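Spelled out from the first residue to the last, the chains are:
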Amino acid sequence: MLFNSIEFLIFFPVVTALYFLLPHQFRWLMLLAASCLFYMAFVPVYILILAITIIIDYAAGILIENSVGGRRKTWLVVSIVSTCLVLFVFKYYNFFNANFTAFAHFIGWNYSVETLGLLLPIGLSFHTFQSLSYVVEVYRGHQKAERHFGIYSLYVMFYPQLVAGPIERPQNLLHQFYEKHSFDDQRVADGLKLMAWGLFKKVVIADRLAIMVNNVYNNPSQFEGIPLIIATVFFAFQIYCDFSGYSDMAIGAAQVMGFRLMDNFNRPYFSRTISEFWKRWHISLSTWFRDYLYIPLGGNRVGRSRRNFNLFFTFLVSGFWHGANWTFIAWGALHGAYLVIGNATRQHRERLKKSVGIEPRDNLNRVIQTGFTFAIVCFAWIFFRSRTMHEASYIATHLFRNIPEQIGLAISNANGARDSLIYLGAGKYVFGLAILGILAMEAVHMMQRHGRMRHMLAEKPAWVRWPVYYGLVLGILFFGVFNKTSFIYFQF
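Rules and cut-offs
- Residues numbered from 1 in each chain as written.
- Predicted model: local features only at pLDDT ≥ 70, side-chain atom pairs only at ≥ 80, totals over all residues.
- Heavy atoms only, no water.
- Helix = DSSP H or I, 4+ residues; strand = E, 2+ residues; numbered from the N terminus.
- Buried < 20%, exposed > 50% of the residue type's maximum accessible area, 1.4 Å probe, protein only.
- Lys, Arg positive; Asp, Glu negative; His and termini not counted.
- Salt bridge = Lys/Arg side-chain N within 4 Å of Asp/Glu carboxyl O.
- Polar contact = N/O pair within 3.5 Å; in protein donor to acceptor, adjacent residues only side chain to side chain.
- Contact = heavy atoms within 4.5 Å.
- Patch = residues over 30% accessible without salt bridge, like charges linked within 9 Å, V, L, I, M, F, W, Y side chains within 5 Å.
- Areas by Shrake-Rupley, 256 points an atom, 1.4 Å probe, with all protein chains shown as cover.
- Core = buried A, V, L, I, M, F, W, Y, C linked by side-chain atoms within 4.5 Å.

Peer 1: Just checking my understanding: could you explain the side chain of Lys-91 for this structure?
Peer 2: Tracing the backbone shows Lys-91 in helix α4 (residues 70-106). Comment: no salt bridge for buried Lys-91; closest opposite-charge side chain is Asp-242, at 15 Å. At a separation of 2.4 Å, a polar atom in the side chain of Lys-91 contacts the main-chain carbonyl oxygen of Trp-321. Aside from chain neighbours lying at most four places away, what touches Lys-91 is Leu-120, Ser-125, Trp-321, His-322, Gly-323, Ala-324 and Phe-492.

Peer 1: I keep staring at a nonpolar patch on the surface and nothing clicks. Help me out?
Peer 2: Together, Tyr-429, Trp-466, Tyr-470, Val-473, Leu-474, Leu-477, Phe-478 and Phe-479 make up an exposed nonpolar region whose accessible area comes to about 920 Å². For the nonpolar patch, the element with the most residues is helix α20 (residues 462-479), which contributes seven residues. Among the secondary structure elements, Val-473 is positioned in helix α20. For Val-473, a relative accessible area of 42% translates into the label partly exposed.

Peer 1: What exactly am I supposed to notice about the pattern of salt bridges here?
Peer 2: A pair can form between side chains of opposite charge whenever their charged atoms are brought close. One pass over the structure, following the stated rule, counts 11 salt bridges. Among the ionic pairs, Arg-147 bridges to Glu-65, the shortest N-O distance being 2.3 Å. Taken together, the residues span a long stretch of sequence, with Arg-147 in the loop between α5 (124-140) and α6 (149-157) and Glu-65 in helix α3 (residues 47-66) at a distance of 82 residues. On the basis of relative accessibility, which here comes to 41%, the residue Arg-147 falls in the partly exposed class. For Glu-65, a relative accessible area of 27% corresponds to the partly exposed category. Residue Glu-276 pairs with Arg-280 through a salt bridge whose shortest N-O separation is 2.9 Å. A residue pair is termed a helical-turn pair when its members lie 3 or 4 positions apart in one helix, as Glu-276 and Arg-280 do in helix α10 (residues 274-280) at four residues. Its relative accessible area of 14% is what places Arg-280 among the buried residues. Bridged by salt links that share partners, the residues Arg-169, Arg-290 and Asp-291 form one connected network.

Peer 1: Can you walk me through the nonpolar core in this structure?
Peer 2: Nonpolar side chains in soluble globular proteins tend to end up buried together. Counting residues in each nonpolar core, the largest one holds 153 residues, and the members touching the most others are Tyr-269, Trp-281, Trp-381 and Tyr-489. When residues in this core are grouped by element, the largest group, 20 residues, is from helix α9 (residues 226-257). Discounting chain neighbours no more than four positions away, the residues touching Tyr-269 are Ala-236, Phe-237, Ile-239, Tyr-240, Phe-277, Trp-281, Thr-370, Phe-374, Val-377 and Trp-381.

Peer 1: So what exactly am I meant to see when it comes to the environment of Ala-375 here?
Peer 2: With respect to the helices and strands, the residue Ala-375 is situated in helix α14 (residues 363-385). Overall, Ala-375 belongs to the partly exposed group, its relative accessible area being 42%. In this structure, the C-alpha to C-alpha distance between Ala-375 and Tyr-269, residues 106 residues apart in sequence, is 9.9 Å.

No statement about biological role is implied by the geometric values presented.
As structure tokens, this is what we get:
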């Protein structure tokens, strides 16, 4: 069930009303049933896959807690392998099989194994990681094993963040299902405002940008220069608005009922370094890899070479987590390389800036750093969005082809050149609305430097607040793209 659908418009108020009307002891059961219904709205049979991972990790948590010595680690390994095996079969088997088949044919070995005709269950990677964090935290002694099977199932299946996060830790979420949440009009209002803002980013900005991005990235060989640059920058905003929009709606929906989910985005395109970018982008995933992969590998406690390896390997795995395709591996490798190169050149860059008179706190320095970081993030997005490495390579090598000639054509608009070069075949109306949406969002981001927009508005008089609220709702109704477009991260 999509957050941007009529079905959810009915589902959400009904579930929320039932949650507050039911006695506290029955709320978990209603939420679990509602979450099952929410998930089964996609592909009903795949709830059985989710049930298998829930049973495995529920039992593993208890076995780990009840065991001593090496047996605790044995149960941890059994749980991790079993849960990851499900992920491997559905998400990675065909990738490895196809690549091994290609290699076998290259060396002349007659190898042929059929691929599996399986659809990837929605959000499998997300609830796999949430389950893994639970068993690891029980093993580390940071979390008591959950004995209530229904509550543990709800921890994995809680509908707001079931299919695309945030990836919660058991310490933050599990205990909240035991708490009694009373109706609080201010909290409900704040949650609804956040949901509306997330929906605005999704249907007004992301889905409109998708029209133009798809026109180019679905046929990249027909373009070069300016269209490729604009489409790549637009995709950077599309994926941000799409994913952060989902996160806002998930966090807001949970907040209405009294649940607190972790923030997942914090104005990432204002980052001045790649390291800062990953502290602001998909925070629940980046901290997951930090805590469960990077630090166990040695983190920063080892020598420079090993630290660089840890960084690069972590981002390589992160890329592979996103999808079974070499394009995602390349995307992760690029970000790993950015961080390694950034660490290696930090002192040289500081000396260079001092030599030309740029101080660390200068506005010019901030603009240069932010612009450069955004540019290399956009370059990496080429690989994330492209369907194949061949297409990614074409786009990367044709970004700056014939730009002077294209500028001249766009100015003269000979034979309607502006439509294909600037508007990406979508027309100036769609292009203009997309630009206005981005500018409106960035204006909000600028104001959020001083605090959350919802809280700042709450302190304003009614004649200031309500026009903003009405404007947001009317913007969604009049300018939203309501074609039930799925969220990008659902495929992961």
